[in-house]
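For reference, the chains in residue letters:
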Amino acid sequence: MSEHQVYIIVAVDQNNGIGKNGQIPWRLKGDMKFFKEITTKTKDPSKQNMVIMGRKTWDSLPEQFRPLPDRVNLVLTRNADSKFEGALQASSLQEAVELAGAKIEKIFIIGGGSIYQQALEQLDLAGVYITQVDLAADCDTYFPEVAEKFPHETSLGEMEEAGIAYEFFLYERE
Ligand SMILES: NC(=O)c1ccc[n+]([C@@H]2O[C@H](COP(=O)([O-])OP(=O)(O)OC[C@H]3O[C@@H](n4cnc5c(N)ncnc54)[C@H](OP(=O)(O)O)[C@@H]3O)[C@@H](O)[C@H]2O)c1
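Starting from 1, residues in each chain are numbered consecutively following that chain's sequence as written. Owing to the predicted nature of the model, reporting of local features is limited to residues with pLDDT of at least 70; listing and counting of side-chain atom pairs is limited to 80 or more, with chain, interface and lining totals taken over all residues. Only heavy atoms go into the side-chain values, all of them from the structure, while hydrogens and water stay out.

## Here we look at the sheet that holds strand β6 (residues 104-109)
For step 1, the next point in the chain: Two strands are said to pair when DSSP picks up at least two bridges between them. Only DSSP runs of H or I covering at least 4 residues are called helices, and only runs of E covering at least 2 are called strands; the numbering of each starts at the N terminus. A sheet is described by the order of its strands in space; here eight strands give the open sequence β5-β4-β3-β6-β1-β7-β10-β9, paired in mixed fashion. Each edge of the open sheet carries a strand with a single partner, namely β5 (88-90) and β9 (152-161). Adjacent strand axes in the sheet meet at a mean angle of 20 degrees, parallel and antiparallel pairs treated alike.
For step 2, the next point in the chain: When strand β1 (residues 5-12) meets strand β7 (residues 127-133), the two strands line up parallel, connected through six bridges. Across the sheet, the residue bridging to I9 is Y129, located in β7. In this analysis an axis means a line fitted to C-alpha atoms, helices contributing only their contacting stretch, and an angle means the value between N-to-C directions, from 0 to 180 degrees.

Structural data, given as structure tokens:
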């Protein structure tokens, strides 16, 4: 088990939808900024955070935006022949978190659906950052309900963009 604090970070619509056809069905600059800040910021300036993602989420990032800067990127794949430029890779979530060494401060699980599901089942998570987007988008990928396991809800602020309201929450154990 990793000694690092591990968090999930996700944006969901009103029905816990997170994706459609390999993409996120909305584009909210304020949420992208929040994601960047939360996943990049460290208390110790000599350390970086690690972001762990599934191969399909890596594929969904435009080439010029990957690897995500100032964070150690790790891609999960079962295909040992795959190569991801600028990222580490692992063939299981356990192996992924064990690759985080002393220079890593926190670990963020950044999707997609299959990786979130496995992280909730297999890892001892410190918390879940959820951006609740006030939209009923057309989705084919969903995030599980976590309120029961992480009942302590903190609002970290709300925003509105192009008529779409959204609010940032951190869910933790009691
Ligand atoms: N709204 C949000 O916050 C958010 C965030 C991230 C992603 N998304 C969306 O989520 C969707 C993608 O989710 P997804 O569930 O389809 O795909 P995914 O979780 O991103 O990637 C799935 C792939 O990860 C690899 N994988 C999964 N479990 C593994 C394991 N235990 N060990 C090793 N490799 C493993 C496999 O890659 P191989 O096939 O290479 O073996 C699998 O095909 C997209 O629509 C994306 O835009 C939304």
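Back to the text.
## Here we look at the layout of surface pockets
For step 1, the next point in the chain: The calculated volume of the largest pocket comes to roughly 1600 Å³.
For step 2, the next point in the chain: When contributions to the lining of the largest pocket are tallied by element, the ones reaching two or more residues are β1, β2 (17-19), α1 (29-40), α2 (55-60), α4 (113-122) and β7.
For step 3, the next point in the chain: The dominant element in the lining of the largest pocket, judged by the number of residues it contributes, is α1, at six residues.
For step 4, the next point in the chain: Residues of the lining of the largest pocket, tallied by class, amount to 22 nonpolar, 17 polar and eleven charged. The method works on a 1 Å grid over the protein atoms by themselves. A cavity is a set of points holding a 1.4 Å probe that cannot get out, a pocket is an open set with protein on both sides within 12 Å along at least five of seven lines, and residues with an atom within 4 Å of a point line them. Grid points are joined across faces, edges and corners, and a volume is the space filled by probe spheres set on the points. Basically, the charged four are Asp, Glu, Lys and Arg, the nonpolar ten are Ala, Val, Leu, Ile, Met, Phe, Trp, Tyr, Cys and Pro, and anything else, Gly included, counts as polar.

## Here's the deal with the packing of aromatic side chains
For step 1, the next point in the chain: In this scheme Phe, Tyr and Trp rings, the latter by its six-membered ring, pair at centre separations within 6.5 Å, and the angle between planes marks the pair as stacked below 30 degrees, edge-to-face above 60, and tilted otherwise. Tallying each qualifying case throughout the model produces nine aromatic pairs.
For step 2, the next point in the chain: Summarising the aromatic geometry, the rings of Y7 and Y129 are spaced 5.5 Å apart at their centres and angled 45 degrees between planes, so their arrangement reads as tilted. Of this pair, Y7 sits in strand β1 while Y129 sits in strand β7, placing them 122 residues apart in sequence. Each member of the pair, Y7 together with Y129, is buried.
For step 3, the next point in the chain: Taking 5.7 Å as the distance between ring centres and 85 degrees as the angle between the ring planes, the aromatic pair formed by Y166 and F168 counts as edge-to-face.
For step 4, the next point in the chain: Assessed through its relative accessible area of 2%, Y166 is described here as buried.
For step 5, the next point in the chain: Buried means the residue's accessible area, taken with a 1.4 Å probe over protein chains only, is under 20% of the maximum for its type, while exposed means over 50%, and partly exposed covers the values in between. Overall, F168 belongs to the buried group, its relative accessible area being 5%.

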